[in-house]
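A closer look at the structure
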Amino acid sequence: MTILLDPTYQRMLFDGLWMTLFISVVVILVSNLLALPLAIYIQRPGGAFRRVIVGYSFFARAAPVLALLFALYYGLPKLGIYLEPVPSALIGLIFASTAYNLEFLRSGFESIPTGQSDAAKALGLKPFAIYWKVMIPQAYRLAAPALFSNAIQMVKGSSLASLVAIDELTAASTVIISETYKAIEVLLLVSVFYLVIAAVIIGAQYLYESRQNLRRR
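Residues numbered from 1 in each chain as written. Predicted model: local features only at pLDDT ≥ 70, side-chain atom pairs only at ≥ 80, totals over all residues. Heavy atoms only, no water.

For residues with low pLDDT, the predicted coordinates do not support detailed interpretation. Per-residue confidence for the protein gives a mean pLDDT of 87; residues scoring 70 or more make up 96%. Ranking the elements of the protein by mean pLDDT puts helix H5 (residues 114-122) last with 77 and helix H4 (residues 85-110) first with 93. (pLDDT = per-residue confidence, 0-100. Helix = DSSP H or I, 4+ residues; strand = E, 2+ residues; numbered from the N terminus.)

In structure tokens form, the structure reads like this:
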């Protein structure tokens, strides 16, 4: 691990780690914010845009994320649209992650007994209050394991950003390996970084589920 004591390589790794964290946090937060209203809207059988949302969900989950990133970064310039590497990666990853979160939340909403909303209506709650106080908390509780798992997948998926000229953690490790030929040392350290990030997300999941269990007692 002596090669990693070099200040230049340390800076490259930590700059890459920062970029990985930035991309991951933005993708996780934005995809969750976008998925919620879509999951609520898709519950309406007669919604005008329901088929559009269903089609988007199918396409975003079926298409390889790498293909989406390449289309945004290398394909759009052929149409006269130029995006910087970071926006290209963010848009592609958010596009894919939102579709998965949408399906997890949709499943959560559909798992709630219809008697819950009927009881809330009987108590005189307005539609907004029914969703905010009754439906959304239960949907998130039911979908939590899948949502947190998808967050971890997005952290690992951020490594694909290296293929659209972003110097994130995987890209930095590739450069260092190519210069030093110390693949095992570098990959071990990078693996530890990803492991720590995943452990933080898993810890957040544990705290969230523990808190929900306490509320239900």
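Ranked by internal contacts, the top residues of the largest apolar core, which has 21 residues, are Leu102, Leu105, Phe109 and Met135. Every element with two or more residues in this core is listed here: helix H1 (7-41), helix H2 (50-62), H4 and helix H6 (127-157). Of the residues forming this core, the biggest block, 7 residues, is contributed by H6. Apart from the residues within four sequence positions on either side, Leu102 is in contact with Ala35, Leu38, Ala39, Ile53, Tyr56 and Ser57. Core analysis: the next-biggest nonpolar cluster, separate from the first, contains 18 residues, Tyr9, Leu17, Phe148 and Phe193 among them. (Core = buried A, V, L, I, M, F, W, Y, C linked by side-chain atoms within 4.5 Å. Buried < 20%, exposed > 50% of the residue type's maximum accessible area, 1.4 Å probe, protein only. Contact = heavy atoms within 4.5 Å.)

By the definition in use, this model includes 7 aromatic pairs. Taking 5.9 Å as the distance between ring centres and 70 degrees as the angle between the ring planes, the aromatic pair formed by Phe109 and Tyr131 counts as edge-to-face. Of this pair, Phe109 sits in helix H4 while Tyr131 is found in helix H6, placing the two residues 22 residues apart along the sequence. In this structure Phe109 comes out as buried when scored by relative accessible area, which is 3%. On the basis of relative accessible area, Tyr131 is assigned to the partly exposed category, the value being 24%. Ring geometry for Phe148 versus Tyr208: centroids 6.2 Å apart, planes at 50 degrees, classification tilted. Here the residue Phe148 occupies a position in helix H6, and Tyr208 occupies one in helix H8 (residues 183-216), the gap between them amounting to 60 residues. According to the relative accessible area criterion, Tyr208 is partly exposed, its value standing at 25%. (Phe/Tyr/Trp six-rings, centres within 6.5 Å; stacked < 30°, edge-to-face > 60°.)

We now examine H2. The α-helix winds at 3.6 residues per turn, so residues separated by three or four positions along the chain end up facing the same way. Here H2 spans 18 Å end to end across 13 residues, near enough to the 18 Å set by a 1.5 Å rise per residue. Within H2, burial applies to Ile53, Tyr56, Ser57 and Ala60. For H2, the angular spread of buried residues about the axis comes to 100 degrees, placing them on one side. Facing away from the buried surface of H2 by more than 90 degrees, the exposed residues are Arg51, Phe58 and Ala62. On its buried face, H2 sits against H1 and H4. (Expected span 1.5 Å × (residues − 1). Arc of directions from axis to C-beta.)

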